[in-house]
Amino acid sequence: MINNAIPLRIAGVGYSVPKAVVTNEDLTKLYDTSDEWIYTRTGIKERRMVSGDESAFELGVDAAKNALAKSDIKADDIELIIVATSAPSQLYPAMGCRIQAELGIPNNIPAFDITAACTGLIYALSIARGFIASGMYKNILIVATDNNSKLLDWSDRSCSILFGDGAGAMVVTASEDGVDDIISIDIKSDGSIGNIIEFNLAGKNCPLVEPNTEKPQFITMNGKEVYRFVARVLPEYVEQLVANAGMKNEDIDYLIPHQANLRIIQAVQERLGYSEDKVITNIERFGNTSAASIPLALVESVEQGKVKLGSTAILTGFGAGMTWGGAIVRLREGIC
Ligand code: ACO
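Before going into details, it helps to say that this report is about the structure given with it. (Residues numbered from 1 in each chain as written. Predicted model: local features only at pLDDT ≥ 70, side-chain atom pairs only at ≥ 80, totals over all residues. Heavy atoms only, no water.)

## Quick look at the site of the ligand
Then step 1. As a structural note, the neighbourhood of the ligand is formed by 22 residues, with Thr33, Cys118, Lys224, Asn261 and Asn288 the closest of them.
Then step 2. Within the side chain of Trp37, one N or O atom sits 3.4 Å away from a nitrogen atom of the ligand.
Then step 3. A distance of 2.5 Å is found between an oxygen atom of the ligand and a side-chain nitrogen or oxygen belonging to Asn261.
Then step 4. In the complex, the protein chains occlude 73% of the 1000 Å² of accessible area that the ligand would expose alone.
Then step 5. The site holding the ligand turns out to be the largest pocket.
Then step 6. Among the secondary structure elements, those contributing two or more residues to the shell around the ligand are α2 (35–42), α6 (223–244) and β12 (311–319).
Then step 7. Of the residues forming the shell around the ligand, the biggest block, four residues, is contributed by α6. (Near = heavy atom within 4 Å. Polar contact = N/O pair within 3.5 Å; in protein donor to acceptor, adjacent residues only side chain to side chain. Areas by Shrake-Rupley, 256 points an atom, 1.4 Å probe, with all protein chains shown as cover. 1 Å grid on protein atoms, 1.4 Å probe; cavity = no way out; pocket = protein on both sides within 12 Å on 5 of 7 lines; lining within 4 Å. Sits in = over half its atoms within 2 Å of the grid points. Helix = DSSP H or I, 4+ residues; strand = E, 2+ residues; numbered from the N terminus.)

## Observations concerning the sheet that holds β12
In a beta sheet, neighbouring strands pair by backbone hydrogen bonds and run either parallel or antiparallel.
Then step 1. Pairing is mixed in the open sheet, where four strands are placed in the order β8-β13-β12-β11. Single-partner strands in this sheet number two, and they are β8 (182–189) and β11 (254–257). Strand after strand, the sheet turns through a mean of 15° between neighbouring axes, direction not considered.
Then step 2. Strands β11, β12 and β13 (323–331) of the sheet are contacted by helix α9 (residues 293–303), whose axis makes an angle of about 140° with β11. (Pairing = 2+ DSSP bridges. Axes fitted to C-alpha atoms, helices over the stretch in contact; angles between N-to-C directions. Contact = heavy atoms within 4.5 Å.)

## A few points about the side chain of Ser311
Then step 1. Of note, Ser311 is situated in strand β12.
Then step 2. One polar contact links the side chain of Ser311 to the main-chain carbonyl oxygen of Lys308, over a distance of 2.6 Å.
Then step 3. Dropping the residues within four chain positions of it, Ser311 is found in contact with Asp253, Tyr254, Val329, Arg330 and Leu331.

## Structural notes on unusual backbone geometry
Then step 1. A cis amide bond links Tyr92 with the next residue in sequence, Pro93, at an omega value of 5°.
Then step 2. Here Pro93 is to be found in the loop between β4 (80–84) and α4 (95–103).
Then step 3. A positive phi is found at Ala117, a non-glycine position, where the angle reads about 50°.
Then step 4. Mapped onto the secondary structure, Ala117 falls in the loop between β5 (111–114) and α5 (120–134).
Then step 5. Overall, the relative accessible area of 6% leaves Ala117 in the buried class. (Buried < 20%, exposed > 50% of the residue type's maximum accessible area, 1.4 Å probe, protein only.)

## Overview of a nonpolar patch on the surface
Then step 1. Taken together, the side chains of Leu91, Tyr92, Phe199 and Leu201 define a hydrophobic patch exposed on the protein surface, amounting to about 490 Å² of accessible area.
Then step 2. Residue placement: Phe199 occurs in strand β9 (residues 197–199).
Then step 3. Overall, the relative accessible area of 32% leaves Phe199 in the partly exposed class. (Patch = residues over 30% accessible without salt bridge, like charges linked within 9 Å, V, L, I, M, F, W, Y side chains within 5 Å. Salt bridge = Lys/Arg side-chain N within 4 Å of Asp/Glu carboxyl O.)

Below you can see the structure in the form of C-alpha coordinates.
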(Lines give C-alpha, C1' and ligand atoms only; values in the text may rest on other atoms or scores of the structure.)
Protein backbone atom coordinates (compact mmCIF):
# COMPACT_ATOMS: atom_id res chain seq x y z
CA MET A 1 0.00 0.00 0.00
CA ILE A 2 1.08 3.58 -0.67
CA ASN A 3 2.06 5.74 2.30
CA ASN A 4 -0.81 7.76 3.78
CA ALA A 5 -3.29 5.59 1.86
CA ILE A 6 -6.89 6.31 2.79
CA PRO A 7 -8.52 3.20 4.28
CA LEU A 8 -11.68 1.71 2.81
CA ARG A 9 -14.98 0.89 4.49
CA ILE A 10 -17.43 -1.62 3.01
CA ALA A 11 -20.70 0.26 3.51
CA GLY A 12 -23.31 -2.04 1.96
CA VAL A 13 -23.66 -5.29 0.07
CA GLY A 14 -26.67 -6.58 -1.87
CA TYR A 15 -27.72 -9.18 -4.41
CA SER A 16 -30.48 -10.06 -6.82
CA VAL A 17 -31.42 -13.33 -8.50
CA PRO A 18 -33.97 -14.12 -11.22
CA LYS A 19 -37.30 -15.69 -10.39
CA ALA A 20 -37.13 -18.86 -12.50
CA VAL A 21 -35.62 -21.93 -10.83
CA VAL A 22 -34.19 -24.67 -13.07
CA THR A 23 -33.51 -27.95 -11.25
CA ASN A 24 -31.20 -30.77 -12.30
CA GLU A 25 -34.33 -32.77 -12.99
CA ASP A 26 -35.50 -30.03 -15.40
CA LEU A 27 -32.21 -30.35 -17.33
CA THR A 28 -32.96 -34.00 -18.07
CA LYS A 29 -35.58 -32.66 -20.53
CA LEU A 30 -32.73 -31.08 -22.56
CA TYR A 31 -30.16 -33.87 -22.62
CA ASP A 32 -29.15 -37.19 -21.16
CA THR A 33 -28.12 -36.40 -17.58
CA SER A 34 -29.31 -36.97 -14.03
CA ASP A 35 -29.58 -35.18 -10.71
CA GLU A 36 -27.17 -37.74 -9.28
CA TRP A 37 -24.49 -37.11 -11.97
CA ILE A 38 -24.65 -33.34 -11.60
CA TYR A 39 -24.91 -33.24 -7.80
CA THR A 40 -22.07 -35.66 -7.09
CA ARG A 41 -19.66 -33.86 -9.46
CA THR A 42 -20.59 -30.24 -8.75
CA GLY A 43 -22.74 -29.94 -5.59
CA ILE A 44 -25.45 -28.18 -7.63
CA LYS A 45 -29.15 -29.03 -7.28
CA GLU A 46 -30.74 -26.00 -8.95
CA ARG A 47 -29.94 -22.56 -10.37
CA ARG A 48 -31.83 -19.36 -11.29
CA MET A 49 -32.22 -18.16 -14.86
CA VAL A 50 -33.39 -14.91 -16.39
CA SER A 51 -36.68 -14.80 -18.27
CA GLY A 52 -38.97 -12.07 -19.59
CA ASP A 53 -37.55 -8.60 -18.86
CA GLU A 54 -34.84 -9.95 -16.55
CA SER A 55 -31.22 -9.54 -17.64
CA ALA A 56 -27.77 -8.94 -16.21
CA PHE A 57 -28.60 -5.23 -16.34
CA GLU A 58 -31.93 -5.50 -14.56
CA LEU A 59 -30.45 -7.79 -11.87
CA GLY A 60 -27.47 -5.43 -11.50
CA VAL A 61 -29.74 -2.44 -10.91
CA ASP A 62 -31.70 -4.38 -8.31
CA ALA A 63 -28.54 -5.56 -6.51
CA ALA A 64 -27.15 -2.00 -6.55
CA LYS A 65 -30.36 -0.64 -5.01
CA ASN A 66 -30.17 -3.29 -2.28
CA ALA A 67 -26.51 -2.48 -1.51
CA LEU A 68 -27.23 1.27 -1.43
CA ALA A 69 -30.22 0.71 0.88
CA LYS A 70 -27.99 -1.15 3.34
CA SER A 71 -25.31 1.55 3.21
CA ASP A 72 -25.29 5.10 4.58
CA ILE A 73 -24.35 6.43 1.13
CA LYS A 74 -26.96 7.97 -1.17
CA ALA A 75 -27.00 7.26 -4.90
CA ASP A 76 -26.41 11.00 -5.46
CA ASP A 77 -23.10 10.77 -3.63
CA ILE A 78 -21.62 7.92 -5.72
CA GLU A 79 -18.52 9.20 -7.53
CA LEU A 80 -17.56 6.13 -9.61
CA ILE A 81 -19.32 2.98 -10.84
CA ILE A 82 -17.39 -0.20 -11.71
CA VAL A 83 -19.32 -3.12 -13.17
CA ALA A 84 -17.70 -6.56 -13.29
CA THR A 85 -19.37 -8.60 -15.99
CA SER A 86 -18.39 -11.26 -18.50
CA ALA A 87 -21.94 -12.19 -19.51
CA PRO A 88 -23.55 -8.75 -19.91
CA SER A 89 -26.86 -8.02 -21.57
CA GLN A 90 -25.05 -5.80 -24.11
CA LEU A 91 -21.44 -4.85 -24.85
CA TYR A 92 -22.08 -1.13 -25.01
CA PRO A 93 -23.11 1.26 -23.66
CA ALA A 94 -21.18 -0.10 -20.71
CA MET A 95 -23.46 -1.50 -18.04
CA GLY A 96 -21.91 1.01 -15.62
CA CYS A 97 -23.30 3.89 -17.70
CA ARG A 98 -26.74 2.30 -17.93
CA ILE A 99 -26.84 1.64 -14.19
CA GLN A 100 -25.81 5.26 -13.58
CA ALA A 101 -28.77 6.46 -15.65
CA GLU A 102 -31.23 3.99 -14.16
CA LEU A 103 -30.34 4.89 -10.57
CA GLY A 104 -30.29 8.64 -11.29
CA ILE A 105 -26.65 8.89 -10.21
CA PRO A 106 -25.17 12.29 -11.25
CA ASN A 107 -24.40 12.28 -14.95
CA ASN A 108 -20.83 13.51 -14.84
CA ILE A 109 -19.21 10.72 -12.86
CA PRO A 110 -17.12 7.99 -14.53
CA ALA A 111 -18.63 4.53 -15.04
CA PHE A 112 -17.08 1.53 -16.75
CA ASP A 113 -17.15 -2.26 -17.04
CA ILE A 114 -14.35 -4.74 -16.47
CA THR A 115 -14.06 -8.35 -17.58
CA ALA A 116 -12.38 -10.70 -15.15
CA ALA A 117 -15.08 -13.39 -15.30
CA CYS A 118 -15.72 -15.04 -11.95
CA THR A 119 -12.91 -13.05 -10.28
CA GLY A 120 -14.66 -9.83 -11.32
CA LEU A 121 -15.79 -8.79 -7.85
CA ILE A 122 -12.27 -9.13 -6.42
CA TYR A 123 -10.79 -7.23 -9.39
CA ALA A 124 -13.37 -4.44 -9.03
CA LEU A 125 -12.77 -4.22 -5.29
CA SER A 126 -9.04 -4.00 -5.90
CA ILE A 127 -9.53 -1.16 -8.43
CA ALA A 128 -11.90 0.63 -6.05
CA ARG A 129 -9.39 0.28 -3.29
CA GLY A 130 -6.73 2.01 -5.36
CA PHE A 131 -9.01 4.93 -6.16
CA ILE A 132 -10.07 5.35 -2.53
CA ALA A 133 -6.54 4.89 -1.17
CA SER A 134 -5.24 7.65 -3.45
CA GLY A 135 -8.02 10.04 -2.49
CA MET A 136 -9.26 10.23 -6.08
CA TYR A 137 -12.79 9.06 -5.27
CA LYS A 138 -14.59 8.58 -1.96
CA ASN A 139 -17.82 6.71 -2.68
CA ILE A 140 -17.77 3.86 -5.21
CA LEU A 141 -20.51 1.51 -6.38
CA ILE A 142 -19.35 -1.94 -7.51
CA VAL A 143 -21.79 -4.18 -9.37
CA ALA A 144 -21.02 -7.78 -10.37
CA THR A 145 -23.61 -9.23 -12.70
CA ASP A 146 -23.86 -11.97 -15.31
CA ASN A 147 -26.62 -13.62 -17.33
CA ASN A 148 -24.67 -16.76 -18.22
CA SER A 149 -27.77 -18.66 -19.30
CA LYS A 150 -27.98 -16.54 -22.47
CA LEU A 151 -24.42 -17.41 -23.50
CA LEU A 152 -24.53 -21.16 -22.98
CA ASP A 153 -24.83 -23.92 -25.55
CA TRP A 154 -27.90 -25.71 -24.22
CA SER A 155 -26.83 -28.93 -25.91
CA ASP A 156 -23.45 -28.98 -24.11
CA ARG A 157 -24.27 -30.99 -21.03
CA SER A 158 -20.86 -30.82 -19.38
CA CYS A 159 -20.77 -26.98 -19.34
CA SER A 160 -24.39 -25.79 -19.15
CA ILE A 161 -25.15 -27.74 -15.96
CA LEU A 162 -22.80 -25.46 -14.00
CA PHE A 163 -24.07 -21.95 -14.50
CA GLY A 164 -26.84 -19.77 -13.16
CA ASP A 165 -27.65 -16.04 -13.37
CA GLY A 166 -27.40 -13.43 -10.65
CA ALA A 167 -25.98 -10.10 -9.50
CA GLY A 168 -24.20 -8.74 -6.45
CA ALA A 169 -23.25 -5.20 -5.49
CA MET A 170 -21.02 -3.46 -2.99
CA VAL A 171 -20.89 0.17 -1.89
CA VAL A 172 -17.43 1.14 -0.65
CA THR A 173 -16.29 4.44 0.78
CA ALA A 174 -13.35 6.16 2.44
CA SER A 175 -13.19 4.96 6.03
CA GLU A 176 -13.74 7.73 8.59
CA ASP A 177 -12.56 5.78 11.65
CA GLY A 178 -9.14 4.80 10.30
CA VAL A 179 -10.07 1.11 10.13
CA ASP A 180 -9.44 -0.50 6.73
CA ASP A 181 -11.99 -3.20 5.88
CA ILE A 182 -9.56 -4.56 3.30
CA ILE A 183 -6.93 -6.30 5.39
CA SER A 184 -5.29 -7.54 2.21
CA ILE A 185 -6.20 -7.92 -1.46
CA ASP A 186 -4.49 -9.55 -4.41
CA ILE A 187 -5.36 -10.23 -8.06
CA LYS A 188 -3.62 -12.47 -10.60
CA SER A 189 -3.92 -13.76 -14.15
CA ASP A 190 -2.38 -16.34 -16.48
CA GLY A 191 -3.42 -15.64 -20.06
CA SER A 192 -1.34 -18.51 -21.43
CA ILE A 193 -4.11 -20.96 -20.58
CA GLY A 194 -6.96 -18.60 -21.46
CA ASN A 195 -8.39 -21.01 -24.02
CA ILE A 196 -9.70 -23.43 -21.38
CA ILE A 197 -12.78 -21.28 -20.89
CA GLU A 198 -13.81 -18.85 -23.63
CA PHE A 199 -16.62 -16.91 -25.18
CA ASN A 200 -15.68 -15.76 -28.69
CA LEU A 201 -17.48 -12.86 -30.31
CA ALA A 202 -17.18 -14.40 -33.77
CA GLY A 203 -19.23 -11.82 -35.63
CA LYS A 204 -19.41 -11.78 -39.42
CA ASN A 205 -16.69 -10.72 -41.80
CA CYS A 206 -17.47 -8.13 -44.46
CA PRO A 207 -19.00 -10.12 -47.37
CA LEU A 208 -16.71 -8.22 -49.78
CA VAL A 209 -13.70 -9.78 -48.10
CA GLU A 210 -14.83 -13.28 -47.22
CA PRO A 211 -18.03 -15.30 -47.52
CA ASN A 212 -19.63 -15.64 -44.15
CA THR A 213 -19.15 -18.75 -42.15
CA GLU A 214 -21.39 -18.77 -39.13
CA LYS A 215 -19.56 -19.79 -35.97
CA PRO A 216 -21.31 -20.65 -32.76
CA GLN A 217 -21.16 -17.99 -30.06
CA PHE A 218 -21.29 -19.96 -26.87
CA ILE A 219 -19.26 -20.38 -23.72
CA THR A 220 -16.82 -23.23 -24.34
CA MET A 221 -15.04 -24.87 -21.45
CA ASN A 222 -12.55 -27.65 -21.01
CA GLY A 223 -14.00 -28.63 -17.65
CA LYS A 224 -11.26 -31.09 -16.77
CA GLU A 225 -8.50 -28.51 -17.42
CA VAL A 226 -10.33 -25.80 -15.46
CA TYR A 227 -10.78 -28.23 -12.61
CA ARG A 228 -7.11 -29.28 -12.68
CA PHE A 229 -5.83 -25.72 -12.79
CA VAL A 230 -8.00 -24.45 -9.96
CA ALA A 231 -7.49 -27.51 -7.76
CA ARG A 232 -3.72 -27.04 -8.19
CA VAL A 233 -3.52 -23.27 -7.70
CA LEU A 234 -6.31 -22.18 -5.37
CA PRO A 235 -5.72 -24.08 -2.10
CA GLU A 236 -2.08 -22.98 -1.89
CA TYR A 237 -2.98 -19.47 -3.02
CA VAL A 238 -5.53 -18.97 -0.25
CA GLU A 239 -3.12 -20.41 2.31
CA GLN A 240 -0.49 -17.91 1.10
CA LEU A 241 -2.96 -15.02 1.22
CA VAL A 242 -3.50 -15.63 4.93
CA ALA A 243 0.23 -15.98 5.62
CA ASN A 244 1.11 -12.84 3.60
CA ALA A 245 -1.37 -10.84 5.67
CA GLY A 246 0.53 -11.96 8.76
CA MET A 247 -2.56 -13.85 9.91
CA LYS A 248 -3.29 -17.36 11.08
CA ASN A 249 -6.20 -19.56 10.07
CA GLU A 250 -7.81 -18.99 13.47
CA ASP A 251 -7.94 -15.22 12.71
CA ILE A 252 -10.37 -15.95 9.87
CA ASP A 253 -14.04 -16.50 10.69
CA TYR A 254 -15.28 -17.43 7.21
CA LEU A 255 -14.07 -18.46 3.79
CA ILE A 256 -16.50 -17.19 1.15
CA PRO A 257 -15.26 -18.62 -2.16
CA HIS A 258 -16.53 -18.26 -5.70
CA GLN A 259 -19.18 -20.95 -6.09
CA ALA A 260 -17.92 -22.88 -9.12
CA ASN A 261 -17.79 -26.44 -7.97
CA LEU A 262 -18.28 -27.86 -4.48
CA ARG A 263 -15.39 -30.28 -4.91
CA ILE A 264 -12.98 -27.40 -5.59
CA ILE A 265 -14.27 -25.55 -2.53
CA GLN A 266 -13.80 -28.69 -0.44
CA ALA A 267 -10.18 -29.00 -1.65
CA VAL A 268 -9.47 -25.46 -0.39
CA GLN A 269 -11.29 -26.23 2.87
CA GLU A 270 -9.17 -29.36 3.42
CA ARG A 271 -5.92 -27.55 2.66
CA LEU A 272 -6.71 -24.86 5.24
CA GLY A 273 -8.10 -27.37 7.71
CA TYR A 274 -11.29 -25.31 8.11
CA SER A 275 -14.44 -26.77 9.60
CA GLU A 276 -17.47 -27.02 7.31
CA ASP A 277 -19.39 -24.22 9.04
CA LYS A 278 -16.52 -21.81 8.36
CA VAL A 279 -16.75 -22.36 4.59
CA ILE A 280 -19.75 -20.70 3.00
CA THR A 281 -21.49 -22.45 0.12
CA ASN A 282 -24.81 -21.89 -1.60
CA ILE A 283 -23.86 -23.46 -4.93
CA GLU A 284 -26.51 -26.14 -4.28
CA ARG A 285 -29.28 -23.58 -4.89
CA PHE A 286 -27.69 -21.07 -7.29
CA GLY A 287 -25.02 -22.89 -9.32
CA ASN A 288 -22.09 -20.84 -10.61
CA THR A 289 -23.26 -17.22 -10.99
CA SER A 290 -19.79 -15.97 -12.12
CA ALA A 291 -18.92 -12.51 -10.79
CA ALA A 292 -22.06 -12.40 -8.65
CA SER A 293 -21.31 -15.55 -6.72
CA ILE A 294 -19.20 -14.11 -3.87
CA PRO A 295 -21.53 -11.24 -2.85
CA LEU A 296 -24.53 -13.53 -3.36
CA ALA A 297 -23.00 -16.15 -1.04
CA LEU A 298 -22.07 -13.48 1.51
CA VAL A 299 -25.43 -11.71 1.78
CA GLU A 300 -27.55 -14.82 1.46
CA SER A 301 -25.62 -16.57 4.23
CA VAL A 302 -26.03 -13.52 6.50
CA GLU A 303 -29.78 -13.67 5.81
CA GLN A 304 -29.74 -17.36 6.68
CA GLY A 305 -27.81 -16.76 9.91
CA LYS A 306 -24.81 -18.79 8.69
CA VAL A 307 -22.50 -15.75 8.67
CA LYS A 308 -22.45 -13.36 11.62
CA LEU A 309 -21.33 -9.83 10.88
CA GLY A 310 -18.61 -8.17 12.93
CA SER A 311 -16.31 -10.87 11.57
CA THR A 312 -13.38 -11.42 9.23
CA ALA A 313 -13.67 -13.33 5.95
CA ILE A 314 -11.59 -14.42 3.00
CA LEU A 315 -13.29 -13.72 -0.33
CA THR A 316 -11.66 -15.64 -3.15
CA GLY A 317 -12.50 -16.24 -6.79
CA PHE A 318 -11.17 -17.67 -10.04
CA GLY A 319 -12.43 -17.69 -13.57
CA ALA A 320 -11.86 -17.24 -17.26
CA GLY A 321 -8.62 -15.54 -18.19
CA MET A 322 -7.51 -17.46 -16.22
CA THR A 323 -7.88 -14.96 -13.43
CA TRP A 324 -7.86 -15.46 -9.70
CA GLY A 325 -7.71 -13.31 -6.62
CA GLY A 326 -8.55 -12.97 -2.99
CA ALA A 327 -9.28 -10.43 -0.29
CA ILE A 328 -9.30 -10.67 3.47
CA VAL A 329 -12.04 -8.32 4.62
CA ARG A 330 -13.73 -7.04 7.75
CA LEU A 331 -17.48 -7.49 7.62
CA ARG A 332 -18.96 -4.73 9.76
CA GLU A 333 -22.36 -4.94 11.42
CA GLY A 334 -25.25 -3.74 9.26
CA ILE A 335 -23.61 -4.03 5.83
CA CYS A 336 -26.14 -6.60 4.62
N1 ACO B 1 -24.57 -35.73 -17.42
C2 ACO B 1 -24.16 -36.99 -17.65
N3 ACO B 1 -22.99 -37.30 -18.21
C4 ACO B 1 -22.19 -36.27 -18.57
C5 ACO B 1 -22.56 -34.92 -18.35
C6 ACO B 1 -23.80 -34.67 -17.77
N7 ACO B 1 -24.25 -33.42 -17.51
N8 ACO B 1 -21.57 -34.13 -18.80
C9 ACO B 1 -20.61 -34.94 -19.27
N10 ACO B 1 -20.98 -36.23 -19.13
C11 ACO B 1 -20.24 -37.43 -19.49
C12 ACO B 1 -19.31 -37.19 -20.66
O13 ACO B 1 -19.98 -37.40 -21.88
C14 ACO B 1 -18.26 -38.21 -20.40
O15 ACO B 1 -18.71 -39.47 -20.83
P16 ACO B 1 -17.68 -40.49 -21.57
O17 ACO B 1 -16.60 -40.77 -20.55
O18 ACO B 1 -18.54 -41.65 -21.90
O19 ACO B 1 -17.16 -39.73 -22.76
C20 ACO B 1 -18.14 -38.27 -18.90
O21 ACO B 1 -19.40 -37.78 -18.40
C22 ACO B 1 -17.05 -37.38 -18.36
O23 ACO B 1 -17.16 -36.11 -18.97
P24 ACO B 1 -16.26 -34.92 -18.58
O25 ACO B 1 -16.65 -33.69 -19.34
O26 ACO B 1 -14.83 -35.37 -18.69
O27 ACO B 1 -16.72 -34.75 -17.09
P28 ACO B 1 -15.90 -34.31 -15.82
O29 ACO B 1 -15.72 -35.48 -14.96
O30 ACO B 1 -14.71 -33.48 -16.19
O31 ACO B 1 -16.98 -33.37 -15.14
C32 ACO B 1 -17.42 -31.03 -14.84
C33 ACO B 1 -17.47 -32.22 -15.80
C34 ACO B 1 -18.39 -31.29 -13.71
C35 ACO B 1 -17.86 -29.78 -15.60
C36 ACO B 1 -15.99 -30.91 -14.29
O37 ACO B 1 -15.06 -30.92 -15.34
C38 ACO B 1 -15.78 -29.62 -13.52
O39 ACO B 1 -16.44 -29.37 -12.53
N40 ACO B 1 -14.83 -28.80 -13.96
C41 ACO B 1 -14.57 -27.51 -13.33
C42 ACO B 1 -15.35 -26.52 -14.09
C43 ACO B 1 -15.50 -25.25 -13.35
O44 ACO B 1 -15.30 -25.14 -12.17
N45 ACO B 1 -15.88 -24.26 -14.15
C46 ACO B 1 -16.14 -22.97 -13.67
C47 ACO B 1 -14.89 -22.25 -13.34
S48 ACO B 1 -14.56 -20.98 -14.37
C49 ACO B 1 -15.75 -19.94 -14.10
O50 ACO B 1 -16.36 -19.97 -13.06
C51 ACO B 1 -16.07 -18.99 -15.19
